[in-house]
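Geometric and topological summary
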Amino acid sequence: MSRLVVVSNRLPSGSTPSGGLVVALQDALADGGLWVGNSNKLTDTPADRLTRHEGGKFTRMSFDLTEEEQRDFYLGYSNSVLWPLCHDRVDLMELLPQYLESYRAVNKRIAKMIARELQPGDRIWVQDYHFLSLGHELRQLGVTQPIGFFLHIPFPGPNAFAALSHGQEVCRWIAAFDLFGLQARRDVSACLQVFRTAKGAELLLNGRMKLEDKIVQVASFPIAIDPEEFARTARNAPTAGLDDAAATIIGVDRLDYSKGLPQRFRAYGHLLDAHPELSGQVALLQIAPPTREAVKAYQDIRDELEQLSGHINGAHATLDWTPIRYIHRSVPRERLAGLYRGARVGLVTPLADGMNLVAKEYVAAQDADDPGVLILSKFAGAAEQLFNGALIVNPHDIAEMAEAMNQALNMPLGERRERHQSMRRVLLDKDVAWWREQFLTALSASWQSSQPQMDPA
Ligand code: ADQ
């Protein structure tokens, strides 16, 4: 069995994993696997070797960033160029040359440190947009093992991509991987369209692309959860925190401009204006801990939401009813599962989102006999899978979203059950183990097909 080497920005803790990518990958790492990630410690002089950490079921190693790299590689190129680019907000991009330089340099440095740790049969799985050029750098160092990449966020269309003045270089980075995994079919199609614009690129059959004699397989692998485990957690979780007198609509997001929170708040305000009979009968619980606060766009969204929720509460609250409860803190997973289960409506309305696992968790947490209703943006990757059961909305259309909330609140039990059943089937059928295996199988196949063929004679 070949060893799996995972690279991601966040290094998992050594204690019991509490969800997300670690749970998804831990089975594949059980045979002596290695996980490389950011130590989250800033240093003046970066070491030239990875630091080994004790504890956990697999080996964990980390790298440090300097203060400058944190600013230019992490907050800069990763979160002020690639993140807005991939979420259709090229207007928020800060294209500074030092950001790109730092991104190249950090990936090069990490590649060197990883290459020293590699063994002949290893498979390398790079996670997310912080490390797009890592495969290229590893190849430059002569690494020949399979290297796969998974992008957790959407792939930009050709128009947005054209806003990068170094698009050709990015295509070269992508082509250095054996497998370039994306969340949804729409991302695969965007990626192929972008490649079509690259100089010297050739589109081959079945999602394979060739650039300067490197061939990469592009395919979608919708990331998933363990629905049974999440359902168990939800069944055993406390529901304290919900307003007993009112039907709760729940929103759970990182505070990010891609999540469509202002539009969501406006739609809820619109619902209260259009349906005065709901006064005191409904409550919006929005949990949104701030992230990346050093980036200006994130401070702006925080201010906007505070104003909006204050305004809606000011206009509609009564002495014993608060229409919106807006919580800035992260909530532990068990608590979250209980809140999802107790909420009548799950409101997941991003303007752009790779997948959105909150949508899947909300469905998994429901009581199948009396389930709540999922309202889901058509721009979440999850909509490609859950379109049969969710109420699909356009998050830019405030009135449509308000009407969907009203429909969800009034939906008869039979229809709720039917919709929930259909989504649950998708979650069980394509769970996180399925996701992992699909990716790793495709990685092996793609790498095999690029190896020089043995002469049968
Ligand atoms: P995120 O943008 O963080 O992830 P999402 O998939 O919704 O988005 O959430 C990831 C996890 O964080 C979920 O397990 C969720 O429960 C948790 N979470 C979110 N908000 C929380 C909160 N307020 N408090 C506590 N926990 C919270 C990126 C992409 C997504 C993609 C994931 C995984 O942007 O599109 O689905 O990676 O690939």
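Assigned secondary structure in the protein consists of 16 helices and 16 strands. A total of 457 residues make up the protein; the buried ones form 56% of that total. Long-range contacts, defined here as pairs at least 24 residues apart, represent 76% of the contacts in the protein between residues at least 6 apart. Counting only carbon and sulfur atoms, one obtains 48% of the accessible surface of the protein, whose full area is about 19,900 Å². Side-chain charges in the protein split into 48 positive and 55 negative, and the spacing between the mean points of these groups amounts to 4 Å.

Around the ligand, a shell composed of 21 residues is seen, among which His 152, Pro 289, Asp 353, Leu 357 and Glu 361 lie nearest. Asp 353 places a side-chain nitrogen or oxygen 2.5 Å from an oxygen atom of the ligand. Within the contact set of the ligand, an oxygen atom lies 2.9 Å away from a backbone nitrogen or oxygen of Asn 356. Within the complex, 82% of the 700 Å² of free accessible area of the ligand lies under protein.

To continue, consider the sheet that holds strand E9 (residues 208-211). Pairing is mixed across the open sheet formed by 10 strands, whose spatial order is E3-E4-E2-E1-E5-E6-E7-E10-E9-E8. The sheet is open, and its two edges are formed by strand E3 (51-53) and strand E8 (201-203), each paired on a single side. Strand-to-strand, the axes of this sheet are offset by a mean angle of 25°, without reference to chain direction. Across three bridges, the pairing between E3 and strand E4 (residues 59-65) is antiparallel. Each bridged residue has a counterpart across the sheet, and for His 53 the counterpart in E4 is Arg 60. Of the strands in this sheet, strand E7 (179-182), E9 and strand E10 (214-220) are in contact with helix H6 (residues 167-175), which crosses E9 at around 120°.

The six strands are arranged E13-E12-E11-E14-E15-E16 in an open sheet whose pairing can be described as parallel. Here the strands that pair on one side only, and so sit at the sheet edges, are strand E13 (324-327) and strand E16 (391-393). Adjacent strand axes in the sheet meet at a mean angle of 20°, parallel and antiparallel pairs treated alike. Bridge analysis of strand E12 (residues 282-287) against E13 gives four bridges, and the strand direction is parallel.

What follows deals with helix H1 (residues 21-29). Those residues of H1 lying buried are Leu 21, Val 22, Ala 24, Leu 25, Ala 28 and Leu 29. All buried residues of H1 project into a common sector of 155° when viewed along the axis, lining one side.

Considered domain by domain, the protein is made up of domain 1 (4-224 + 433-449) and domain 2 (227-429). Between domain 1 and domain 2, the contact holds 22 residues from the first and 22 residues from the second. Overall, the association of domain 1 and domain 2 removes approximately 1,700 Å² of surface from exposure, summing both partners, and the carbon and sulfur fraction of that is 59%. There are one salt bridge connecting domain 1 and domain 2.

Let's shift gears to the packing of aromatic side chains. Each aromatic ring pair is characterised by the separation of its centres together with the angle its planes make. All told, the structure shown has 21 aromatic pairs when counted by the stated rule. Here Tyr 77 and Tyr 103 contribute two aromatic rings whose centre-to-centre distance is 4.5 Å and whose plane-to-plane angle is 45°, an arrangement assigned as tilted. Within this pair, whereas Tyr 77 is found in helix H2 (residues 67-86), its partner Tyr 103 is found in helix H3 (residues 97-117), the two being separated by 26 residues in sequence. Neither residue differs from the other here; Tyr 77 and Tyr 103 are each classed as buried. In this structure an aromatic cluster arises from ring pairing among Phe 63, Phe 73, Tyr 77, Tyr 103, Phe 131 and Trp 173. Cation over ring: Arg 292 sits above Trp 83, and NZ or CZ is 4.2 Å from the ring centre.

Turning our eyes to something else, we now look at the nonpolar core. With 97 residues, the main nonpolar core has Tyr 77, Phe 155, Phe 180 and Tyr 268 as its most contacted residues. For this core, the element with the highest residue contribution is H2, accounting for nine residues. If you count residues domain by domain, this core takes at least three from each of domain 1 (4-224 + 433-449) and domain 2 (227-429). When residues no more than four places from it in sequence are discounted, the contact partners of Tyr 268 are Ile 249, Val 282, Ala 283, Leu 284, Ile 312, Trp 321, Pro 323, Ile 324 and Met 405. Counting residues in hydrophobic clusters, the runner-up holds 52 residues, among them Ala 28, Phe 150, Leu 242 and Val 348.

Counting through the fold element by element, Leu 100 comes out in helix H3. For the pair Leu 100 and Gly 76, spaced 24 residues apart in sequence, the C-alpha to C-alpha distance is 8.3 Å. Contact partners of Leu 100, with chain neighbours within four places excluded, come to Tyr 77, His 166 and Trp 173.

With their axes 8 Å apart at the nearest point, helix H8 (residues 227-236) and helix H11 (residues 333-342) run at an angle of 80° to one another. Compared by their axis directions, H8 and H11 come out roughly perpendicular. Taken together, the residues of H11 that come into contact with H8 (itself represented by Glu 229, Phe 230, Thr 233, Ala 234 and Arg 235) are Arg 333, Glu 334, Ala 337, Gly 338, Tyr 340 and Arg 341. Each residue belonging to the contact of H8 with H11 can be placed in one class, and the counts come to four nonpolar, two polar and five charged.

Right, let's talk about the environment of Cys 191 for a bit. Relative to the assigned elements, Cys 191 resides in helix H7 (residues 185-196). Under the relative-accessibility criterion, Cys 191 is labelled buried at 0%. Spatially, the C-alpha atom of Cys 191 lies 6.3 Å from that of Phe 155, the residues being 36 residues apart in sequence. The contacts of Cys 191, once residues within four sequence positions are left out, are Phe 155, Phe 180, Leu 182, Met 209 and Val 218.

What counts and how
- Residues numbered from 1 in each chain as written.
- Predicted model: local features only at pLDDT ≥ 70, side-chain atom pairs only at ≥ 80, totals over all residues.
- Heavy atoms only, no water.
- Helix = DSSP H or I, 4+ residues; strand = E, 2+ residues; numbered from the N terminus.
- Buried < 20%, exposed > 50% of the residue type's maximum accessible area, 1.4 Å probe, protein only.
- Contact = heavy atoms within 4.5 Å.
- Areas by Shrake-Rupley, 256 points an atom, 1.4 Å probe, with all protein chains shown as cover.
- Lys, Arg positive; Asp, Glu negative; His and termini not counted.
- Charge placed at Lys NZ, Arg CZ, Asp CG, Glu CD.
- Near = heavy atom within 4 Å.
- Polar contact = N/O pair within 3.5 Å; in protein donor to acceptor, adjacent residues only side chain to side chain.
- Pairing = 2+ DSSP bridges.
- Axes fitted to C-alpha atoms, helices over the stretch in contact; angles between N-to-C directions.
- Arc of directions from axis to C-beta.
- Domains from an automatic or database assignment.
- Buried area = accessible area lost by both parts, 1.4 Å probe.
- Salt bridge = Lys/Arg side-chain N within 4 Å of Asp/Glu carboxyl O.
- Phe/Tyr/Trp six-rings, centres within 6.5 Å; stacked < 30°, edge-to-face > 60°.
- Lys NZ or Arg CZ within 6 Å of the ring centre and 35° of its normal.
- Core = buried A, V, L, I, M, F, W, Y, C linked by side-chain atoms within 4.5 Å.
- Parallel < 35°, antiparallel > 145°, perpendicular 65-115°, else oblique.
- Nonpolar A, V, L, I, M, F, W, Y, C, P; charged D, E, K, R; others polar.

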